[in-house]
Amino acid sequence: MVYLDNNATTPIDPTVGEKMSRFLKTYFGNPSSLYPIGREVKEMIKEARESVADALGAKRSEIVFTGSGTEADNFAVRGVMDAIPDKNEFITSAIEHPAIIETGHYLESKGKKVIYVPVDPEGTIDLDFLRDAITSQTAMVSIMHANNEIGTIQPIEEVVRLAKERGVLVHTDAVQSFGKIDVLVNKLEVDLLSISAHKTYGPKGIGALYVRKGTPIKPLIYGGHQERLMRAGTENTVGIVGFGKAVRVLLERGDKDKKTIAKLAERLKRGIEEKIPNVKFNGHEKNRIKGTLNFSFFGLEAEAILLSLGTKDIYVSTGSACSEESEDVSHVLRAIGLRPEVARSSVRMSLGRFNTEEDIDRVLTELPEIVEKLREISGLDPNDF
Ligand SMILES: *Cc1c(COP(=O)(O)O)cnc(C)c1O
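Calculation criteria
- Residues numbered from 1 in each chain as written.
- Predicted model: local features only at pLDDT ≥ 70, side-chain atom pairs only at ≥ 80, totals over all residues.
- Heavy atoms only, no water.
- Buried < 20%, exposed > 50% of the residue type's maximum accessible area, 1.4 Å probe, protein only.
- Helix = DSSP H or I, 4+ residues; strand = E, 2+ residues; numbered from the N terminus.
- Arc of directions from axis to C-beta.
- Contact = heavy atoms within 4.5 Å.
- Phe/Tyr/Trp six-rings, centres within 6.5 Å; stacked < 30°, edge-to-face > 60°.
- Lys NZ or Arg CZ within 6 Å of the ring centre and 35° of its normal.
- Salt bridge = Lys/Arg side-chain N within 4 Å of Asp/Glu carboxyl O.
- Domains from an automatic or database assignment.
- Buried area = accessible area lost by both parts, 1.4 Å probe.
- Axes fitted to C-alpha atoms, helices over the stretch in contact; angles between N-to-C directions.
- Parallel < 35°, antiparallel > 145°, perpendicular 65-115°, else oblique.
- Left-handed = near helix turned anticlockwise from the far one by under 90°.

1. So, helix H6 (residues 156-165)
Within the sequence span of H6, burial applies to Ile156, Val159, Val160, Leu162 and Ala163. One face of H6 carries all of its buried residues, which in axial projection span an arc of 165 degrees. Against the buried residues of H6 lie helix H5 (127-133), strand S5 (138-142), strand S6 (169-173) and helix H7 (185-188).

2. Concerning the packing of aromatic side chains
In the structure shown here, the tally under the stated rule is 5 aromatic pairs. Between the aromatic rings of Phe23 and Tyr27, the centroid separation amounts to 5.4 Å while the plane-to-plane angle is 25 degrees, which identifies the pairing as stacked. Consider the rings of Phe295 and Phe297, whose centres lie 6.3 Å apart with planes at 45 degrees: the pair is tilted. Members of the aromatic cluster, each reached through a chain of ring pairs, are Phe281, Phe295 and Phe297. Here the basic side chain of Lys269 rests over the ring of Phe281, its NZ or CZ set 4.5 Å away from the ring centre.

3. Examining the pattern of salt bridges
With the rule as written, the count across this model stands at 23 salt bridges. A salt bridge links Glu71 to Arg231; its shortest N-O distance comes to 2.7 Å. One end of the pair, Glu71, is in helix H3 (residues 69-83); the other, Arg231, is in the loop between strand S8 (207-211) and helix H8 (237-253), with 160 residues separating them in the sequence. Given a relative accessible area of 17%, Arg231 falls into the buried group.

4. Examining the domain arrangement of the protein
Looking at the protein, the domain boundaries give domain 1 (2-8 + 254-384) and domain 2 (14-249). Inter-centroid distance (C-alpha atoms) of domain 1 to domain 2 is 28 Å. Taken together, the contact between domain 1 and domain 2 spans 27 residues of the former and 31 residues of the latter. Between domain 1 and domain 2, the buried area comes to about 2400 Å², and carbon and sulfur atoms account for 56% of it.

5. Here's the deal with the packing of helix H9 (residues 256-275) against helix H13 (residues 357-378)
Here H9 crosses H13 at 15 degrees, and the two axes come no closer than 10 Å. Considering the angle they form, H9 stands roughly parallel to H13. As H9 packs across H13, the resulting crossing turns out to be right-handed. Within the contact between the two elements, H9 uses Lys263, Leu264, Arg267, Leu268, Gly271, Ile272 and Lys275 and H13 uses Glu357, Ile360, Asp361, Val363, Leu364, Leu367 and Pro368.

Structure, rendered in structure tokens:
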């Protein structure tokens, strides 16, 4: 199998899986209990929180574990907007993950003003537009760090500078950038930042929100005293322990994955551009998480390419896993200016830690043949696009 859908989810790292199965077999205690079998689990959660905090350059007390990256995003936006009720505006971008876009729609339904900052053809947000959009009514800006469909990295430091001049809080969805480029809260100077374990070789169903000390925020879930009253409910102990381990592994591997993934992705990109005519690369050439490649294959439907590659045991995607089931074309590809028929011809290949040179060879053998065959069948002239 050649798995090139690492932006949708990553395989669990074997050492993470081992740690989690050992944990499940032994540690059932409730971390809130005062006797030893509770306290030892509490201690393990503390260690995991320490790992996550270390990786972000944050304090342990600034990390809140959540049920997913989506929950971290919801918590950040709704929690802050609820905590600053006298301000009416929320600013985000046109290319956010549905976790933020749909939260924006929810705020609109509650009477808030939501502004979606446009992006240029490479997927970088329009900073002039953002500067003009910020008013005395703006409570918060949320701009993603790296985009999940095209990989473009946003100028978060600039966003923070513009927002801070006006006393506006900044959140960033760093689910795709975490583990791929530096994600350090004091370098980015953001107030809130979301991450998710299953995008970095950890388990599904566990994420975290970094909340800078002193940031006004309301809890998302009310109940017990867990997560400093910010997210009540008995902790997903095995998920947290797995997340902590996955982050330790990231820290230990340092730049190793980044370098190999960048090299493999560059080879794949060049190979596609050399071997397949009438393709368009989507995203930023340089300022991009390097393992994300998004190509439009003029004249074709992406689904047809996906299915054909699938019969060869090669797995890619059309972009956001979350919009896969809807008929709509990707809002990200529309935002960078692709016409609907071009957007519908676009395939995302996202590489990860476990990809090899052989994987790239396989794709570069199969994909050109598949595209050629499908184009013969479709009868459309790719030059018309
Ligand atoms: C995957 C993803 C999310 C959602 O994280 P889940 O843990 O799957 O809910 C949010 N934002 C981005 C950019 C993502 O890629």
